[in-house]
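Chain and residue survey
Spelled out, the chains give:
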Amino acid sequence: MKIKNLSKVWVYTPRPTKKDGETTIKWEYKRDYMLNVQQDINELDSNKAGLIDYDRIKVRIDYPIDISKNDGISLEELPVEGRYTTIPPKYRVISNPKIGKSTTFTCDIYHGE
C-alpha cells in the first residue's frame, strides 16, 4: 500500500470491570498504527432492513498487526490516564478476515452495550 493512502488510527482493548455489581468498560490503549481506512459501499454491507449502512468502515493492512475482534479503533487520539480511557472509541472491529497477505478489518460505529 502506498504511504499517502495510510491514516493514523489508535487501537484500544475493552476491559470490563465490576464494581458494586455494575459492569463498566474501560478501554486499554494498545498502540497506534498507520492503516488504510476506507468506506466501501456495496449491497453486501446493508443492514437488516436492506438499507446501505454508512456507519461501516474497512481498514486494510499488508503486514500482521495486533488487532482482534471487539477491539476499538479511533481515528483521533483519546485522552488516556495511565493506559486506560473511559471514553469509548468511535469504531469497534466486528471481523478481521485474512486474504493472502492482506487483512481487512470491518468496523461498525460503537454505540455502547
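Let us look at the structure shown here. (Residues numbered from 1 in each chain as written. Predicted model: local features only at pLDDT ≥ 70, side-chain atom pairs only at ≥ 80, totals over all residues. Heavy atoms only, no water.)

How two aromatic rings sit relative to each other is given by the distance of their centres and the angle of their planes. Evaluation of the coordinates by the stated rule reveals two aromatic pairs. Seen in terms of ring centroids, Trp-27 and Tyr-110 are 5.3 Å apart; in terms of plane orientation they differ by 80°. Their pairing is edge-to-face. Of the two residues, Trp-27 sits in strand β2 (residues 22-38) while Tyr-110 sits in the segment after β8 (102-109), which places them 83 residues apart along the sequence. Each member of the pair, Trp-27 as well as Tyr-110, is classed as buried. Note that Lys-26 overlies the ring of Tyr-84, its terminal NZ or CZ placed 6.0 Å from the centroid. (Phe/Tyr/Trp six-rings, centres within 6.5 Å; stacked < 30°, edge-to-face > 60°. Helix = DSSP H or I, 4+ residues; strand = E, 2+ residues; numbered from the N terminus. Buried < 20%, exposed > 50% of the residue type's maximum accessible area, 1.4 Å probe, protein only. Lys NZ or Arg CZ within 6 Å of the ring centre and 35° of its normal.)

In this section: the pattern of salt bridges. Counted under the stated rule, the structure contains six salt bridges. Linking Glu-28 and Arg-15 is a salt bridge whose minimum nitrogen-to-oxygen distance equals 2.7 Å. With a gap of 13 residues between them, Glu-28 in strand β2 and Arg-15 in strand β1 (residues 7-19) connect regions that are remote in the sequence. For Glu-28, a relative accessible area of 17% gives the class buried. A salt bridge links Glu-28 to Arg-83; its shortest N-O distance comes to 3.7 Å. Separated by 55 residues along the polypeptide, Glu-28 in strand β2 and Arg-83 in the loop between β4 (72-74) and β5 (84-85) bring together distant segments of the chain. (Salt bridge = Lys/Arg side-chain N within 4 Å of Asp/Glu carboxyl O.)

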